[in-house]
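Fold and geometry: a report
One letter stands for each residue in the lines below.
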Amino acid sequence: MNPNANPDSSARSKTIRIVWGSASAPTKMASYDAALAEAGICNYNLVSVSSVIPADVDVEAVGTAPDLGPAGERLTVVEARATTAGPGRVSAALSWVQSADGGPGLFYETAGEMDSADVRTRVREGLAAGQELREWEFGEPRDQVETRAAKSGRYTTAVVLAVYGESEPIL
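First things first, this report covers the structure right here in the doc. A quick note: this is a predicted structure, and the numbers were derived from the prediction, not measured. (Residues numbered from 1 in each chain as written. Predicted model: local features only at pLDDT ≥ 70, side-chain atom pairs only at ≥ 80, totals over all residues. Heavy atoms only, no water.)

1. What to know about the sheet that holds strand S6 (residues 88-98)
Across the sheet, which stays open at both edges, the 4 strands sit in the order S3-S7-S6-S8 with antiparallel pairing between neighbours. Strand pairing shows two members of the sheet lacking a second neighbour, strand S3 (52-53) and strand S8 (142-150), which therefore form its edges. (Pairing = 2+ DSSP bridges. Helix = DSSP H or I, 4+ residues; strand = E, 2+ residues; numbered from the N terminus.)

2. Observations concerning helix H2 (residues 28-39)
Every α-helix carries 3.6 residues per turn, so stepping three or four residues along brings you back to the same face. Counted at 1.5 Å a residue, the expected span for H2 with its 12 residues is 16 Å, and the 17 Å between its end C-alpha atoms agrees. Regarding H2, the residues found buried are Ser31, Tyr32, Ala35, Leu36 and Ala39. Relative to the axis of H2, the buried residues are bounded by an arc of 140° and lie together on one face. Looking at the buried side of H2, the elements it contacts are strand S1 (15-25), strand S2 (45-48), strand S4 (58-63), strand S5 (74-85) and strand S9 (155-168). (Expected span 1.5 Å × (residues − 1). Buried < 20%, exposed > 50% of the residue type's maximum accessible area, 1.4 Å probe, protein only. Arc of directions from axis to C-beta. Contact = heavy atoms within 4.5 Å.)

3. Section: the environment of glutamate 146
By the secondary structure assignment, glutamate 146 is in strand S8. Each C-alpha atom, one on glutamate 146 and one on glycine 21, is 6.7 Å from the other, the two residues being 125 residues apart in sequence. Dropping the residues within four chain positions of it, glutamate 146 is found in contact with Trp20, Gly21, Ser22, Glu38, Val90, Ser91, Ala92, Ala158, Val159 and Val160. Engagement of the side chain of glutamate 146 in a polar contact is seen with the side chain of serine 22, the distance being 2.7 Å. (Polar contact = N/O pair within 3.5 Å; in protein donor to acceptor, adjacent residues only side chain to side chain.)

4. Observations concerning the packing of aromatic side chains
Aromatic rings in a pair are described by how distant their centres are and how their planes are angled relative to each other. Going through the model one piece at a time under the given rule, you end up with 3 aromatic pairs. Where phenylalanine 107 meets tyrosine 164, the ring centres are 6.2 Å apart and the plane angle is 65°; that geometry is what we call edge-to-face. Here tyrosine 164 lies in strand S9 and phenylalanine 107 lies in strand S7 (residues 105-112), a separation of 57 residues in the sequence. Residues phenylalanine 107 and tyrosine 164 agree in their burial class; the two are buried. Note on tryptophan 136 and phenylalanine 138: the rings are 5.7 Å apart at their centroids and 55° apart in plane angle, and the pair reads as tilted. For tryptophan 136, a relative accessible area of 31% translates into the label partly exposed. Overall, phenylalanine 138 belongs to the buried group, its relative accessible area being 16%. Clustering of aromatic rings is evident, with ring pairs tying together Trp96, Phe107 and Tyr164. A cation over a ring is seen here: arginine 81 above tyrosine 32, with NZ or CZ 3.4 Å from the ring centre. The aromatic ring of tryptophan 136 is capped on one face by arginine 134, whose charged end is 5.7 Å from the ring centroid. (Phe/Tyr/Trp six-rings, centres within 6.5 Å; stacked < 30°, edge-to-face > 60°. Lys NZ or Arg CZ within 6 Å of the ring centre and 35° of its normal.)

5. A look at the nonpolar core
Counting residues in each nonpolar core, the largest one holds 17 residues, and the members touching the most others are Ile16, Ile18, Ile53, Val59, Leu94, Phe107 and Ala162. Secondary-structure elements contributing two or more residues to this core are S1, S5, S6 and S9. The residues contacting isoleucine 16, other than those within four sequence positions of it, are Ile53, Pro54, Val57, Asp58, Val59, Glu60, Phe107, Ala162, Val163 and Tyr164. If you look at the next biggest cluster of nonpolar residues, it comprises 15 residues, including Tyr32, Ala35, Leu36 and Leu75. (Core = buried A, V, L, I, M, F, W, Y, C linked by side-chain atoms within 4.5 Å.)

Written as structure tokens, this is what we have:
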């Protein structure tokens, strides 16, 4: 047993939450932090992982994360993120599909200076390519897109993240 794990983390770690947000601010980092705040995860240290969904996990699109533990802890994520200096538009998309039999699944992420239709098309194409690499029988794909216009003189960030379980101590 991991002595640093949160109490009851085994029961809570079976959910991956999809969260999203977008924001504008005077600097690139401030817009990213504000987008994470909108998604409810600005108080964690994010650790990115590749895009495989473990078997027997629920994936829930929640928008804003609930309390996932104390500030400053590590949070495992798959992240789609785009930032631009306005004027323009940023979009981030996360698409996912799980095995039809409760086995593993996939996330694919795409982000950039494009509209929501383009980012959705690209993320779905990536997901389909990932599915072709595996011999799993998949269910129906789902996706979440976040897009925002960027005004001149401001940085704007859009994020969509898959948050794996609860936070864990970093030290």
